[in-house]
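Observations on the model geometry
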Amino acid sequence: MTTTLAKPDYDVLNVLALKKMAGAPAIAAVVELSPDDVEERLASLAAGGLAVVAGGAALPTDEAEPRLAATAAEIYAGVRGDDDVLALVEQFEKTNAALLTTMSSWQQVDVGGRKVANDHTDAAYDGKVISRLERLVGRLDGLIAALARHDARFATYATRFATALAGIDDGDHDLVSSPTRDSIHTVWFEFHEDLLRTLGRERAE
Amino acid sequence: MSAPGWTRAFTDDGEVDVELLGGKGAGLVRMTRDGLRVPPGCVVVTTACHLYLDRGALPDGLVDELRDRLSAMEAATGRTFGTGPEPLLVSVRSGAPVSMPGMMDTVLNLGLSREAAIAIAERAGDTAFMADLVARFHAMYSEIVLGALDERDAVDAVVARIRPDDDPADAYERVWAAAEAALDEELAESVPAVPDEQLRHAVEAVFRSWNTRRARTYREHHGIPHDMGTAVVVQAMVFGNLDDSSGSGVVFTRNPVTGEPGLYGEYLAHSQGEDVVAGTRTPDPVARALPAPLLRELEGACAGLEARHGDVLDVEFTVERGVVWFLQVRSAKRTPEAAVRIAADLLRDGTASPSRALSLVTAEQLRAAARPGFDGDALDEARAAGRVVVTGIGACPGQVSGELVLDPDRAKDRADAGADVVLARAVTSPADLHGMIAARGIVTATGGSTSHAAVVARALGTACVVGAGELEIDAAARTVRVGERVLAEGDPVSLDGASGELVAGALPTTTPAAATEAMDALLTAATQASGAAVLARVTVPADVVAAREAGATGIVTAVDDVLAASGDLNHLVETLLEKGWDGGGSGTALDEVRQAVARQVSGLLAEAGGADVDVRAIDLLADESRELLQQTAVTTRHPELALPLGVPALVAAQRAGLALAAAESGYGGRMRLAVRHVSDPAEVRALAEADGAGPGMGTYLTSPRAVLNADALAAHSAVVWLEVRALQAAMFGIPARQFLTAAPLDSYVARGLLSTDPRHAIDPSVEPLLAGLAEVARAHPDVPVGVRLSGTVSDAVAAQLYALGFRRFAVDLPEVRPLLLGLGRAALAQ
């Protein structure tokens, strides 16, 4: 048994591990492979004991994480040694904190010192939060571009952010923080997780 | 002054027309007319915006008019725009008739020419104060008017080096040059140093912001016309940071957390409004921090405002050298508990009319306020007994009990099996989502109130505690350790998402008495207005008590639900499979039905008092039964069960059981037994001809055919219910069970493939059927005709059904109060 994965297999298993349970079409949309191709790779990952496929959806097995980590260490050695990327990652930590704070102000408003669920009746308030989110997402451009220079797949995050923002502009406010859709927070959370795996770091919270 | 009409002073007479003055402008005019001391200013009206956007230049005469308005503001304040000895500074704000995102925000401190800046430093005796003001203005103008985004560390460094006694002219030059350099580097732009130009550009920027991409998209989505245009508010600045007799604050006319009467707010001496908002310094409670005469003035003004508006308000003010100025008055944001108490209090003391009071609470706030919390005594006891395992940071409020589970897969499995689950994790990753969705509560060892876990939990509305750092989760041993205490997976725990406490053991829940009292007062007013009856769907005796407390005038229940909850149903189905329908004697399936119904329903009737009880007969094909039963086996063996009167003896056995239950429990109200899927007058006649004593027979309409035949059906029914979900499902041709869950309809509707989401709105195709049924109800005043609604009921649906003429409703228990409120509002709006 090899200790590392082939590149497209890594991409597929990586997305599967981020989403935990996903069908081939959902994975294909993110990794820019055809659903048939993803289907095939899932089958071979399943044969290798890294995934379980049942009823059109796949799940990663416990073996998936260590294998992904070992593979990332190899294929992203260049990223981990790229000072440009590391400087941008440093900045990302600040932006990440600002994004989470902004997400929270989307969900809750301060009432006399207590946090209360935002009932979204104050369009001016919501508008400001959305504008701020858009700007914070814009601050990832540099990091995404720097990562994409090593591995083009990172560019899909920019596309996903743009799609979510366009949906929000169309009035679909679920696309701000809904955990069950490809919302700004979902994309951001997956990007953050992906970034940690790429760099071989642990999540702090 | 004879102004031609591009501008209006706050003090000018004339109609307060929001279309013309915008929301902000109209608000300031009203405040001025209310006698509040508002800093003088004027509104550039929306018609000027139309013209500007049409021809790309400000209307002729607007600049001169603004100059005249500034002169009036100069006269009123004793200050001069752009020069000393007392410079007048103004704020420029956008104010559309409807607030919308993407519009230009506020520019403060406009009017800082070199001369004005120097004069301000000299008047204040503080060059550092002026340097800060200049830097803030330049940054704000750059951001708002020119679109700059960058942080300006270099400018901040220059400002930080300036001392109060530095030479003002020199300081101004240094700050301005640094700010200009930063802006030039970022955008190759420049901020005009001449105040008149600053003002003109700011007004034009407001007008242009009407057409930003986001504002256009927003208008298109909300059907707001593009030619509405925005107004611009130009107002004299007042300063709370001049000296110790100045300051700024925000007050609520009542406590927005609890709803208690009395001013509630904060004041920060020697500060400008942004300092209070930014939280850089801690403000003091107004009652302590404001000098007595000012506090009295504020209290008087707030009482007057509350009486005029019939609502609790949030008031922003600034004190400049001992004089209070009112900057903004808005409806106050509040907690759900406060919303209910405030509405009830204002209704009682006559400040708000019933229709006003009911408009002060949303259905969502009512649901939240009615949500049961931990019993106070039990919680105190648990605390005293040392059962609080750990206290983290409350991230999403909610008080829940459940079994402790340590991984998301198991959380999902246990929840699927019907258990309430509290999920404990060291950290959460995106891959934990399925477990977080399944859990009633989430607790994590790491993270702050703005961690990913907190964001996800809030999006899900799940009680959540984060940052419970002492929690050591041992995945291998399947235990949680905190110091000496060890909890094992599966142990009952309770979680408070507000206080952050994790408590060992399950805690009982209740609705707080104070909240119940306030809700009752409001809902009584609502019911008086609507004259509607709302019945609650229940399955166990405790539900009946809760239903009556919530204001339900009766209950609806279903024999299969009751028997499933009591555990009788499975045995019944086994007997049926084994013995079929034969015979009615002891030990047969029919006898078992009769006995079980008598036994279980009598418990409900005992709690019902004299309230109406409508019982739906067993429907083994219903979606609700599908999960519970070996349904396929039963219906394959007994296809006659698919028809409402396929087994007449089954209906008769239930009726006999209900008669026994009524006798046993001493029930004295009206009870009826209704059969689902009936659609033919012949079926109803057959039901009505039932022999012997027992409840009257009625119908549950589920199909378009039944609704179209409703007139004939009602003629022979003791009661008629329409199941809206079933009817909508039939019209859409989608199985009704798909209406109960998020998947698959959420994404289907999001793709724009259905013009109506049948879970949340009544489809236009269904409306004529409903109108026909409402007509039938009017034609048969002696037959109760009601509408059964599933899940949460929106105000829009309540209003629609009320307008059609329906006055009898049945809903799930938690929806009784929100529906009573919605119907009351609908009645008062008519």
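These numbers come from a predicted model, not from an experiment.

Helix and strand content of chain A: eleven helices and five strands. Overall size of chain A, expressed as C-alpha extent along the three principal axes, is 60 × 45 × 30 Å. Here chain A holds 205 residues, and the buried ones make up 39% of them. For chain A, the share of sequence-separated contacts (at least 6 apart) that also reach a separation of at least 24 residues comes to 54%.

Below, the discussion takes up the sheet that holds strand β3 (residues 57–60) of chain A. All names here are of chain A. Sheet architecture is open: three strands sit in the order β1-β3-β2, paired in antiparallel fashion. The sheet is open, and its two borders are formed by β1 (22–23) and β2 (51–54), each paired with just one other strand. Across four bridges, β2 lies against β3 in antiparallel orientation. Of the residues in β3, the one forming a bridge with valine 52 is leucine 59. Its contacts with the sheet place helix α1 (residues 7–19) against β1, β2 and β3, and it is angled at close to 90° to β3. Contacts between helix α3 (residues 35–47) and the sheet are confined to β2 and β3, with β2 contributing the most and set at about 120° to the helix.

Split by domain assignment, chain B resolves into domain 1 (7–236), domain 2 (247–334) and domain 3 (372–510). The distance between the C-alpha centroids of domain 2 of chain B and domain 3 of chain B comes to 38 Å.

Turning our attention to the domain arrangement of chain A. Residues and elements named next belong to chain A. Domain boundaries in chain A define domain 1 (7–75) and domain 2 (82–199). Centre-to-centre, using C-alpha coordinates, domain 1 lies 25 Å away from domain 2. Each partner contributes to the interface: domain 1 provides nine residues, whereas domain 2 provides seven residues. For the side of domain 1 that touches domain 2, the secondary-structure elements that each account for two or more residues are α1, α2 (24–31) and α4 (64–75). In the side of domain 1 that touches domain 2, the residues fall into six nonpolar, one polar and two charged.

Let us now look at the interface of chain B and chain A. Each side of the interface is counted separately: chain B has 37 residues, and chain A has 38 residues. Listed by contribution, the elements that provide at least two residues to the side of chain B that touches chain A are α9 (213–222), α18 (433–438) and α19 (452–460) of chain B. If one sorts the elements of the side of chain B that touches chain A by residue count, α19(B) sits on top with seven residues. Residue classes in the side of chain B that touches chain A are distributed as 17 nonpolar, 15 polar and five charged.

The subject of this paragraph is unusual backbone geometry. Residue and element names in this part refer to chain B. That bond from glycine 84 to proline 85 is cis: its omega, 0°, falls within 30 degrees of zero. With respect to the helices, strands and loops of the structure, proline 85 is situated in the loop between β3 (80–81) and β4 (87–88). Phi at histidine 270 takes a positive value of approximately 55°, unusual for a residue other than glycine. Checked against the element boundaries, histidine 270 lands in the loop between β9 (261–269) and α10 (273–278). Accessibility expressed as a C-beta count within 10 Å gives 16 for histidine 270, which makes it partly exposed. Residue histidine 677 is not a glycine yet carries a positive backbone phi of 70°. With respect to the secondary-structure elements, histidine 677 resides in the loop between β29 (671–676) and α28 (681–688).

Turning to the confidence of the model for chain B, a few remarks are in order. Residues and elements named next belong to chain B. Looking at chain B, pLDDT values average 91 and 97% of them are 70 or higher. Per-element confidence in chain B ranges from a low mean pLDDT of 58 for helix α25 (residues 623–626) to a high of 98 for strand β31 (residues 720–723). The ipTM value of the predicted complex is 0.84, and its pTM value is 0.82.

Moving on: the pairing of β9(B). All names here are of chain B. Taken together, the seven bridges between strand β8 (residues 247–254) and β9 define a ladder with antiparallel strand orientation. The residue of β9 that forms the bridge with arginine 254 is proline 261. Hairpin connection of β8 to β9: six residues between the antiparallel strands, including glycine 259 at a positive phi of 90°.

This part covers the sheet that holds strand β1 (residues 7–9) of chain B. Residue and element names in this part refer to chain B. Here five strands make up an open sheet; going across it, the order is β1-β2-β7-β5-β6 and the pairing antiparallel. Edge positions in the open sheet fall to β1 and β6 (107–110), since each of these has one partner strand only. In this sheet, adjacent strand axes meet at a mean angle of 20° when their direction is disregarded. Contacting β1, β2 (41–44), β5 (90–95) and β7 (231–236), helix α1 (residues 18–33) runs over the sheet at an angle of about 35° to β7.

Turning our eyes to something else, we now look at the pairing of strand β4 (residues 108–111) of chain A. Residues and elements named next belong to chain A. Two strands pair when backbone bridges link them, and β4 and strand β5 (residues 114–117) are joined in this way by four bridges, in the antiparallel orientation. Of the residues in β5, the one forming a bridge with glutamine 108 is alanine 117. Between the antiparallel neighbours β4 and β5 lie two residues, among them glycine 112 with a positive phi of about 50°.

Looking at where B:Ala154 falls in the secondary structure, it is placed in helix α6 (residues 153–161). Residue classification places B:Ala154 among the exposed positions, given that 12 C-beta atoms sit within 10 Å.

What follows covers helix α8 (residues 195–209) of chain B. Compared with the 21 Å implied by 1.5 Å per residue over 15 residues, the 21 Å span of α8(B) between its first and last C-alpha is a close match. Taken residue by residue, α8(B) has B:Pro195, B:Gln198, B:Leu199, B:Ala202, B:Val203, B:Val206 and B:Phe207 as its buried positions.

All right, on to the environment of B:Pro164 then. All names here are of chain B. Take proline 164: it is sitting in the loop between α6 and α7 (168–187). Owing to 13 C-beta atoms within 10 Å, proline 164 belongs among the partly exposed residues under this scheme. In this structure the C-alpha to C-alpha distance between proline 164 and phenylalanine 129, which are 35 residues apart in sequence, comes to 7.2 Å. Dropping the residues within four chain positions of it, proline 164 is found in contact with Asp126, Thr127 and Ala128.

With that out of the way, let us pick up the packing of α1(A) against α3(A). Residues and elements named next belong to chain A. Close contact between α1 and α3 brings their axes to 10 Å; oriented N to C, the two are set at 90°. As judged from the angle between their axes, α1 and α3 are roughly perpendicular. Here Pro8, Asp9, Val12 and Leu13 of α1 lie close against α3, whose contacting residues are Val38, Arg41, Leu42 and Leu45. Taken together, the residues of the contact of α1 with α3 break down into six nonpolar, no polar and two charged.

With that settled, the discussion passes to the packing of α2(A) against α3(A). Residue and element names in this part refer to chain A. As a packed pair, α2 and α3 sit with axes 8 Å apart at the nearest point and diverge in direction by 110°. By the angle between their axes, α2 is roughly perpendicular relative to α3. For α2 against α3, the interelement crossing comes out right-handed. Side by side, α2 and α3 meet where Ala24, Pro25, Ile27, Ala28 and Val31 of the first sit next to Pro35, Val38, Glu39 and Leu42 of the second.

Thresholds, definitions, all that
Residues numbered from 1 in each chain as written. Chains lettered and ligands numbered in written order. Predicted model: local features only at pLDDT ≥ 70, side-chain atom pairs only at ≥ 80, totals over all residues. Helix = DSSP H or I, 4+ residues; strand = E, 2+ residues; numbered from the N terminus. Buried ≥ 20, exposed ≤ 12 C-beta atoms within 10 Å, placed from the backbone. Contact = placed C-beta atoms within 7 Å. Pairing = 2+ DSSP bridges. Axes fitted to C-alpha atoms, helices over the stretch in contact; angles between N-to-C directions. Domains from an automatic or database assignment. Nonpolar A, V, L, I, M, F, W, Y, C, P; charged D, E, K, R; others polar. pLDDT = per-residue confidence, 0-100. Expected span 1.5 Å × (residues − 1). Parallel < 35°, antiparallel > 145°, perpendicular 65-115°, else oblique. Left-handed = near helix turned anticlockwise from the far one by under 90°.

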